[in-house]
Amino acid sequence: MGIGLFVLGLAGMAWGAMFLFNLRGAADKAVARRNAVRAVTAARTLNMGLAEPSRFGAWFFRLMGGIVFLGSPVVALAGLVIATFE
């Protein structure tokens with residue numbers, strides 16, 4: 001279990017860094033994907049309120065990436081501690 005938490009913490013750090021620093025346009029792609037899904041949902045449900053772009057821009061995904069990036073070392077460290085004492 002400890003090794004799994006450690007690997008999960010490392011993966012979280014990589015994912016968080018990708019969104020926090022907008023590597024390869026990850027946050028921009030997420031915003032475009034979100035707006036496309038909203039447009040398709042608006043067309044399916046005939047709810048034209050969904051056709052407007054989301055108010056959450058790239059800053060939202062960068063914020064979430066930052067939170068995950070800062071919290072993941074704690075998970076990785078907890079995994080190392082558990083793996084050490086098992």
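Notes on the structure in this doc start here. These figures come from a predicted structure and were not determined experimentally.

Thoughts on the packing of aromatic side chains
Tallied over the entire structure, the rule returns 7 aromatic pairs. Seen in terms of ring centroids, Phe21 and Phe69 are 6.1 Å apart; in terms of plane orientation they differ by 75 degrees. Their pairing is edge-to-face. Linking Phe21 in the loop between helix H1 (2-20) and helix H2 (26-45) with Phe69 in helix H3 (residues 58-85), this pair joins segments that are 48 residues apart in sequence. By way of ring pairs, the aromatic residues Trp15, Phe19, Phe56, Trp59, Phe60 and Phe61 are connected into one cluster.

Side note on the packing of H1 against H3
Two elements in contact, H1 and H3, have axes separated by 7 Å at closest approach and are oriented at 160 degrees. Judged by the angle between their axes, H1 and H3 are roughly antiparallel. For the crossing formed where H1 meets H3, the hand is left-handed.

Topic: the environment of Leu77
If you trace the backbone, Leu77 turns up in helix H3. Overall, the relative accessible area of 53% leaves Leu77 in the exposed class. Along the sequence, Leu77 and Leu46 sit 31 residues apart, while their C-alpha atoms lie 48 Å from each other.

Points about a nonpolar patch on the surface
Side chains of Phe56, Trp59, Leu63, Met64 and Ile67 sit close together on the surface and give an oily, nonpolar patch of about 480 Å² of accessible area. With respect to the helices and strands, Ile67 occurs in helix H3.

A look at the environment of Ser54
Structurally, Ser54 is set in the loop between H2 and H3. On the basis of relative accessibility, which here comes to 14%, the residue Ser54 falls in the buried class. Sequence separation between Ser54 and Pro73 is 19 residues, and the spatial gap between their C-alpha atoms is 31 Å. Polar contacts involving the side chain of Ser54 include one to the main-chain amide nitrogen of Phe56, which spans 3.2 Å.

Considerations on the packing of H2 against H3
Closest axis-to-axis distance for the H2/H3 pair is 8 Å, and the angle between their directions is 125 degrees. Between H2 and H3, the crossing angle belongs to the class labelled oblique. Every pair of crossing elements has a handedness; the one defined by H2 and H3 is right-handed. Contacts between H2 and H3 pair Ala27, Asp28, Ala30, Val31 and Arg34 from the former with Ala58, Phe60, Phe61 and Arg62 from the latter.

Scoring rules and cut-offs
- Residues numbered from 1 in each chain as written.
- Predicted model: local features only at pLDDT ≥ 70, side-chain atom pairs only at ≥ 80, totals over all residues.
- Heavy atoms only, no water.
- Phe/Tyr/Trp six-rings, centres within 6.5 Å; stacked < 30°, edge-to-face > 60°.
- Helix = DSSP H or I, 4+ residues; strand = E, 2+ residues; numbered from the N terminus.
- Axes fitted to C-alpha atoms, helices over the stretch in contact; angles between N-to-C directions.
- Parallel < 35°, antiparallel > 145°, perpendicular 65-115°, else oblique.
- Left-handed = near helix turned anticlockwise from the far one by under 90°.
- Buried < 20%, exposed > 50% of the residue type's maximum accessible area, 1.4 Å probe, protein only.
- Patch = residues over 30% accessible without salt bridge, like charges linked within 9 Å, V, L, I, M, F, W, Y side chains within 5 Å.
- Areas by Shrake-Rupley, 256 points an atom, 1.4 Å probe, with all protein chains shown as cover.
- Salt bridge = Lys/Arg side-chain N within 4 Å of Asp/Glu carboxyl O.
- Polar contact = N/O pair within 3.5 Å; in protein donor to acceptor, adjacent residues only side chain to side chain.
- Contact = heavy atoms within 4.5 Å.

Everything listed here is a matter of geometry and, on its own, says nothing about what the molecule does.
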